[in-house]
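# Architecture at a glance
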Amino acid sequence: MENPDMRMALGMKPDQKGVRIRRIDPTALESEVLKPSDIILSFDGVDIANDGTVPFRHGECIGFSYLVSQKYTGDVAAIKVLRNSESLKFNIKLKSHKRLIPSHNKGRPPSYYIIAGLVLTTVSVPYLRSEVNISI
């Protein structure tokens, strides 16, 4: 949150730093707690800078996604957010993302592609029989 006008519009104080949540996947469990336009001020007690970095080692900085990558499924993360000029604290249990479409079947890649909402699959005799009613 480096833009001063955006900071003022979202109710950030001059001494507050953090990153704005632009979008949350509605299927993610975190969508029940976090909302678009929330500002993440800290993750597990580590303050996040306006450019999305956190202290790393000896004066170095690294993207705050590093902190998230150090967590495991089932761990609890303490997140401090700013919403409507009010500072809120949440303890979120991290879980794996539940996919609407399975990524693979028994170790094999899927037999279809999904591109821009279109499902592309190979033409097969059973498919032709079901769709075109041709006896082959």
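Scroll up to find the structure this text is about.
Residues numbered from 1 in each chain as written. Predicted model: local features only at pLDDT ≥ 70, side-chain atom pairs only at ≥ 80, totals over all residues. Heavy atoms only, no water.

### Thoughts on the overall build of the protein chain
For clarity, the threshold we go by: Helix and strand labels come from DSSP, where a helix needs a run of H or I of at least four residues and a strand needs a run of E of at least two; each type is numbered from the N terminus. Whether a residue is buried, partly exposed or exposed follows from its accessible area with a 1.4 Å probe, protein chains only, as a fraction of its type maximum: under 20%, in between, or over 50%, in that order. A contact between two residues is defined here by any heavy atoms of the two lying within 4.5 Å. For this count, His and the chain ends are skipped, Lys and Arg are scored as positive, and Asp and Glu as negative. Charge positions come from single atoms, namely NZ of Lys, CZ of Arg, CG of Asp or CD of Glu.
The number of helices and strands found in the protein chain is 3 helices and 9 strands. Its helices and strands in sequence order give the protein chain the pattern α-β-β-β-β-β-α-β-β-β-β-α, from N to C terminus. With respect to the principal axes defined by its C-alpha atoms, the protein chain has extents near 75 × 30 × 25 Å. Counting the 136 residues in the protein chain, one finds 24% classified as buried. Relative to all contacts within the protein chain whose residues are 6 or more apart in sequence, the contacts with residues 24 or more apart total 41%. When the 19 positive and 14 negative side-chain charges of the protein chain are each reduced to one mean point, those points stand 8 Å apart.

### Regarding unusual backbone geometry
The backbone phi angle of Ser37 is positive, close to 75 degrees, even though this residue is not glycine. Within the fold, Ser37 resides in the loop between strand 1 (19–20) and strand 2 (39–43). Residue Ala116 is not a glycine yet carries a positive backbone phi of 50 degrees. Positionally, Ala116 belongs in the loop between strand 8 (112–115) and strand 9 (118–121).

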